[in-house]
Amino acid sequence: MTRLSQAFIPTLKDAPADAEAISHKLMVRAGLIRQMGAGLWTYLPAGWRVERKVEAIIREEMEAIGCQEMLMPVLQPAEPWQKTGRYEIDELFKLDDRKGSPLVLAMTHEEAVTYHVAREVRSYRDLPLMLFQIQTKERDEPRPRAGVLRTREFTMKDAYSFDRDEEGLSRSYEAQAGAYGRILDRCGLRWYKVESDVGMMGGSGADEYMAPCPAGENEVALAPGYAANVEVASATAQPVELPAAMDAPEKVATPGLTTVEEVSAALKVAPAALIKALPVVVEGRGLNMVLLRGDHRLNEIKLRNALGADFRQAKPEEIDAEIGPTGFIGPVGAKVPVIKDTAIAGAGLICGANQPDTHLRGVQPGRDFAFEELDVRTVEAGDTAPGGGTIEIEPAIEVGNIFKLGTRYSVPLGATFLDEGGVEHPIVMGSYGIGPARIVAASIEQRADERGIVWPASLAPWQVHLVSLAKGGEREREAADKLYGELEAAGAEVLYDDRDAGPGEKLTDAELLGCSLRIVVGRRGLAEGVVEASERDGGAEHKLPLEDAAAQALSLLDV
């Protein structure tokens, strides 16, 4: 039984001063969460009820595809992480026990689950296998933000598949992908699956599940038949009108003009007619010059993936020593390797001359400088997608991700099996993560209105928010008490506001908390023999006969 007079649901009139995301503001105001430290959040009873409902949906869909639940420790020996090369990840919490043994607080559990499978799976008969857990994760997040969206401690469902070969992995991957779609549909989210970067997980492929909303920390490139995280998206750049071609590059004085905007304005050309040179120092390759169209931005993830190596921005003294004066560098005559983005094309281009206060015009790639061509730019709205549609960029929250790991973890951790002929092979793996807290936050972001949270029926902390406008001992309170008992006896989840508070406070809190159906028992309605019901999603109003209110309320809830 849940009476607000006894419940721990501390609502607030105002949001925290540092809250920007709608979900951050409303989860605090509605008494769902409270902060204990930077990136550290406590779920209060109402918030935890919502989280548990998401977890229940996840469990049902995982078990429906034959994925078995287990539980692995958050505190783990460092050795498996050292073997996979992930011990040096900056975001990984590291510590020593009293004996000096190195330990980690896991941010994900590939190492742990592979450790166990390596010791238990021996034969092809043991495969395929899918395992999952819902467990706490720890991440030394440098910039916690947006309430529960980016935290240092969080709960995640992570699942892992183990197969004989890539064909088996594809089947497991599709089974998990189908389950993810059903989970998000049941949670009432608008979502899409997009191509993504494998990042620190490694492997051969990955997809993300994105919930579009203004508070999203990711950007997604969308077009008919195409969806990809901007981190990996590719598209054909918008065309640009270039100056006339020239037989050879020609110097032009540009005293003090070091930016694309300054040079393009002075020479009366579009910024896209300029070549932007970005010197970087690549591991194992030294100083390189990356070229972009003047109106484009470097995509560091695409460059890192294309190079297969990490890099850093070159220092001014390195640039001056090997190329030319900062602000006036370009590829013509440069004695460092040149990487040209694929969007740079045509003749009549403008670039730095590697001399003070000087640029070159009439530059043509190939004729005037050699290069390695790579797709390393960030796509822009208005570009053309691979399928021919026009790209739009939309912010979104990443609520889940799936990875084809291959043998990324099974080889270093010795997870193998014997085939029918007794030949040993590494197990082929997949990894599948989904964040209950992110689903909760995304739901709030997508559905909230100016009055508060609007839950889908599947996630609402209670189905019915029953409000008594009377004080204890009054006839109206007795009617509300009786209805409360009838609703609970009928199987409804009910939050009963029996506080000795004003009607305005009670009704405001009900709208803020966002349960599916609000029922108000007041003097005016009882005089007519009815109670007043309103649906939070859509605002439909109903007058329910008092003697049959519980049954009719359940019919509105479709229970």
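Values in this document were obtained by computation on a predicted structure and should not be read as measured data. (Residues numbered from 1 in each chain as written. Predicted model: local features only at pLDDT ≥ 70, side-chain atom pairs only at ≥ 80, totals over all residues. Heavy atoms only, no water.)

### Some thoughts on the overall build of the protein chain
Phase 1: Scanning the protein chain for helices and strands turns up 13 helices and 30 strands.
Phase 2: Relative to its full complement of 559 residues, the protein chain shows a buried share of 52%.
Phase 3: Long-range pairs, those at least 24 residues apart, make up 68% of the contacts in the protein chain with a sequence separation of at least 6.
Phase 4: Looking at the protein chain as shown, the accessible area adds up to about 24,600 Å², and 50% of this sits on carbon and sulfur atoms.
Phase 5: With 61 positive and 88 negative side-chain charges, the protein chain shows a separation of 2 Å between the mean positions of the two kinds. (Helix = DSSP H or I, 4+ residues; strand = E, 2+ residues; numbered from the N terminus. Buried < 20%, exposed > 50% of the residue type's maximum accessible area, 1.4 Å probe, protein only. Contact = heavy atoms within 4.5 Å. Areas by Shrake-Rupley, 256 points an atom, 1.4 Å probe, with all protein chains shown as cover. Lys, Arg positive; Asp, Glu negative; His and termini not counted. Charge placed at Lys NZ, Arg CZ, Asp CG, Glu CD.)

### Digging into the environment of Trp191
Phase 1: Positionally, Trp191 belongs in the loop between helix 5 (166-186) and strand 10 (192-195).
Phase 2: Sequence-distant contacts of Trp191, that is, excluding residues within four places in its chain, are made with Gly181, Leu184, Asp185, Tyr209, Met210, Ala211 and Pro212.

### Things to note about the sheet that holds strand 28 (residues 517-521)
Strand pairs in the sheet, formed through backbone hydrogen bonds, run parallel or antiparallel to each other.
Phase 1: Spatially, 1-27-26-28-29-30 is the arrangement adopted by the six strands of the open sheet, whose pairing is mixed. Each of the sheet's edge strands pairs with one partner strand only, and the pair in question is strand 1 (2-3) and strand 30 (541-545).
Phase 2: Pairing geometry for strand 1 and strand 27 (residues 494-497), over two bridges, is parallel. Residue pairing across strands places Arg3 opposite Tyr496, the latter belonging to strand 27.
Phase 3: The sheet contacts of helix 13 (residues 549-557) involve strand 26 (464-468), strand 28, strand 29 (530-535) and strand 30, and relative to strand 30 the element is tilted by about 145°. (Pairing = 2+ DSSP bridges. Axes fitted to C-alpha atoms, helices over the stretch in contact; angles between N-to-C directions.)

### Regarding the environment of Asn305
Phase 1: Inspection of the secondary structure assignment puts Asn305 in helix 7 (residues 300-307).
Phase 2: By relative accessible area, which is 45% here, Asn305 ends up partly exposed.
Phase 3: Residues Asn305 and Val232, spaced 73 residues apart in sequence, show a C-alpha to C-alpha distance of 9.3 Å.

### Digging into the packing of aromatic side chains
Phase 1: Under the counting rule described, the total for this entry stands at six aromatic pairs.
Phase 2: Centre to centre, the rings of Tyr173 and Tyr432 are 6.1 Å apart; their planes meet at 55°, and the pair counts as tilted. A residue pair is termed long-range when its members are at least 10 positions apart, and Tyr173 in helix 5 and Tyr432 in strand 25 (residues 428-434) qualify at 259 residues. Each member of the pair, Tyr173 as well as Tyr432, carries the same accessibility label: buried.
Phase 3: Across the ring face of Phe371, the terminal group of Lys340 is positioned such that the distance to the ring centre comes to 5.0 Å.
Phase 4: The ring of Tyr409 carries the charged tip of Arg408 above its face, separated from the ring centre by 4.6 Å. (Phe/Tyr/Trp six-rings, centres within 6.5 Å; stacked < 30°, edge-to-face > 60°. Lys NZ or Arg CZ within 6 Å of the ring centre and 35° of its normal.)

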